[in-house]
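# Examination of the molecular architecture
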Amino acid sequence: MNANAPIGIFDSGVGGYTVARALQKALPMEDVIYYGDGCNAPYGNRSKEDIVHLVRQILDFMASKQVKAVGIACNTISTLIDEFTGYDFPIFSIVQAGADEVVKCAPAKAGVLSTCFTAQTGAYAKLINAAAPQIQVLSQGSVNLAALVESGTASDGEIAAELHDSLGLMANANPDVDTLVLGCTHYPLARDIIAREYPQFTNIIDPAMGQVEQLRACLAANNAFNDNGGSLKVFTSGDCAKYEALAARLGMKLTGPATQLHVATPL
Ligand code: DGL
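Structure report, in brief. Note that this is a predicted model, so its numbers are computed, not measured. Per chain, residue numbering runs from 1 following the sequence as it is written. For a predicted model such as this one, the threshold for reporting local features is a pLDDT of at least 70, and the threshold for listing and counting side-chain atom pairs is 80 or more; totals across whole chains, interfaces and linings nevertheless cover every residue. Side-chain numbers come from the whole structure's heavy atoms, not from hydrogens or water.

## Re the packing of aromatic side chains
Ring geometry is summarised as follows: Phe, Tyr and Trp rings, the Trp one being its six-membered ring, pair when their centres sit within 6.5 Å, and such pairs are stacked at plane angles under 30 degrees, edge-to-face over 60 and tilted between the two. Going through the model one piece at a time under the given rule, you end up with five aromatic pairs. When the ring of F61 is compared with that of F235, the centres are 5.4 Å apart and the planes differ by 70°; the resulting orientation is edge-to-face. Residue F61 is located in helix α2 (residues 48-64), and its partner F235 is located in strand β9 (residues 232-236); the two are separated by 174 residues in the primary sequence. Categorising residues by exposure relies on relative accessible area from a 1.4 Å probe, with only protein chains included: less than 20% of the type maximum marks a residue as buried, more than 50% marks it as exposed, and the intermediate range marks it as partly exposed. When its relative accessible area of 9% is taken as the criterion, F61 is described as buried. With 5.4 Å between their ring centres and 35° between their planes, Y87 and F89 make a pair best called tilted. Of the two residues, Y87 and F89, both sit in the buried class. Think of it this way: any DSSP run of H or I at least four residues long counts as a helix, any run of E at least two long counts as a strand, and we number them from the N terminus.

In structure tokens, the structure reads:
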């Protein structure tokens, strides 16, 4: 593994910024390439075949950048991690990072709010219960929350209404659940509204930091820390101005303006 090579982080859109931001804070000397497929988001409403087709093109782009490792910041995509073989760099699933965090906290019940695609795969329950069969996992999909966050223009009221139609169903039926996994990378960007609307969740898990720890452990095992980098380059098929504005709002330091790039075409 080449220590001076960049780390790739990608997502269907802006959601993966939550991982890129955590990575920049934890490992500030690493070079990071971020790709957000804004024009094809949301992925959560696409078929498995379409998602795999899109993601292989993004991974080919990462390969062309000679990355040393890739973090799939998107939960929806991470549920399909077994499909992404044949690359000469390690690829990390954020669902695994989130599941590991739940196992560490060991609640009796854990709620997972995600896209409907992620909820239907049962990926969180499988991974959590493989390590801790006693934890009851309650999966709840949201049809529109990722798209509302991705738009960047949704009001607090619109986001709260979508939460009531999704998270509300699980929360109201299970008032004893206090642990909630934000099982979609877009959701930490709405964390304040989630915490305000559903104060029963006193333990909100954002898997972003767990993914950064996966990457750190991989670099440590390969003696591949960069001590000479620190750039963060953003590429997107979406609206560059939006990606730049959100980066500034989150306190992320971008190296140069975001670059418009379409690397993936749907089926
Ligand atoms: N950010 C993606 C995730 O973590 C979902 C958004 C989408 O549906 O594109 O699941």
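Still more to cover.
## Here's the deal with the site of the ligand
In the region of the ligand, 13 residues are neighbours, and S12, Y43, G44, N75 and T76 sit closest. The separation between an oxygen atom of the ligand and a polar side-chain atom of S12 is 2.6 Å. Whenever two N or O atoms come within 3.5 Å, that pair is a polar contact, provided that in protein one can donate a hydrogen and the other can accept it, and provided that, for residues adjacent in sequence, both atoms are side-chain atoms. One nitrogen or oxygen atom from the main chain of G44 is found 2.7 Å from an oxygen atom belonging to the ligand. With residues, only the protein chains shown are counted as cover, and all accessible areas are computed by Shrake-Rupley using a 1.4 Å probe. Coverage of the ligand by the protein chains reaches 99% of its 290 Å² of free accessible surface. In these notes, residues near a molecule or strand are those with any non-hydrogen atom within 4 Å of it.

## As for the nonpolar core
Think of a nonpolar core as a cluster: buried Ala, Val, Leu, Ile, Met, Phe, Trp, Tyr and Cys residues, connected wherever their side-chain atoms sit within 4.5 Å. Core analysis: the largest hydrophobic core is formed by 31 residues, its most contacted members being I9, Y17, L23, Y34, L215 and M252. Elements supplying a minimum of two residues to this core: β1 (7-11), α1 (17-26), β2 (32-36), α11 (208-221), β9 and α12 (240-249). Counting 26 residues, the second largest nonpolar core, distinct from the first, contains V70, I77, F84 and V263.

## Comments concerning the pairing of β1
Of all five residues making up β1, five are buried, and the element is well covered by its neighbours. The side-chain alternation of β1 yields two buried faces, one formed by I7, I9 and D11 and the other by G8 and F10. Paired strands, in this sense, are two strands between which DSSP finds at least two bridges. As paired strands, β1 and β2 are joined by five bridges and run parallel to one another. When the sheet's bridge partners are listed, I7 is paired in β2 with V32. After leaving β1, the chain enters α1 and then returns to the sheet as β2, a path that is right-handed. Bridge analysis of β1 against strand β3 (residues 69-72) gives four bridges, and the strand direction is parallel. Residue pairing across strands places I9 opposite G71, the latter belonging to β3. Think of it like this: strands point away, you trace from the first strand over the helix to the second, and a clockwise trace means the crossover is right-handed.

## Digging into unusual backbone geometry
The linkage connecting A41 with the following residue, P42, adopts the cis geometry, with an omega of 0°. Residue position: P42 is located in the loop between β2 and α2. For A106, which is not glycine, the phi torsion reads 50° and is therefore positive. Mapped onto the secondary structure, A106 falls in the loop between α4 (94-105) and β5 (109-115). Residue classification places A106 among the partly exposed positions, given a relative accessible area of 47%. Although it is not a glycine, N223 sits at a positive phi angle of roughly 50°.

## Quick look at the sheet that holds strand β10 (residues 259-260)
Judged by pairing direction, the sheet is parallel, and its six strands sit side by side in the order β4-β3-β1-β2-β9-β10 without closing on themselves. The sheet is open, and its two edges are formed by β4 (91-93) and β10, each paired on a single side. Residue contacts are counted whenever heavy atoms from the two residues lie within 4.5 Å of one another. Axes here mean lines fitted to C-alpha atoms, for a helix over just the part in contact, with angles spanning 0 to 180 degrees between N-to-C directions. On top of the sheet, α4 reaches β3 and β4; it is set at about 45° to β4, its chief contact. Of the strands in this sheet, β1, β3 and β4 are in contact with α11, which crosses β4 at around 150°.

## Looking at the environment of I91
With respect to the helices and strands, I91 occurs in strand β4. When its relative accessible area of 17% is taken as the criterion, I91 is described as buried.

## Regarding α4
The span one expects for a helix is its residue count, reduced by one, times 1.5 Å. For α4, with 12 residues, the first-to-last C-alpha span of 17 Å sits near the 16 Å given by 1.5 Å per residue. The complete set of buried residues in α4 reads I94, V95, A97, G98, A99 and V102. The N-capping residue of α4, defined by a side-chain oxygen 3.1 Å from the backbone nitrogen of V95, is S93. One or two positions beyond α4, positive phi appears at A106, with a value near 50°.

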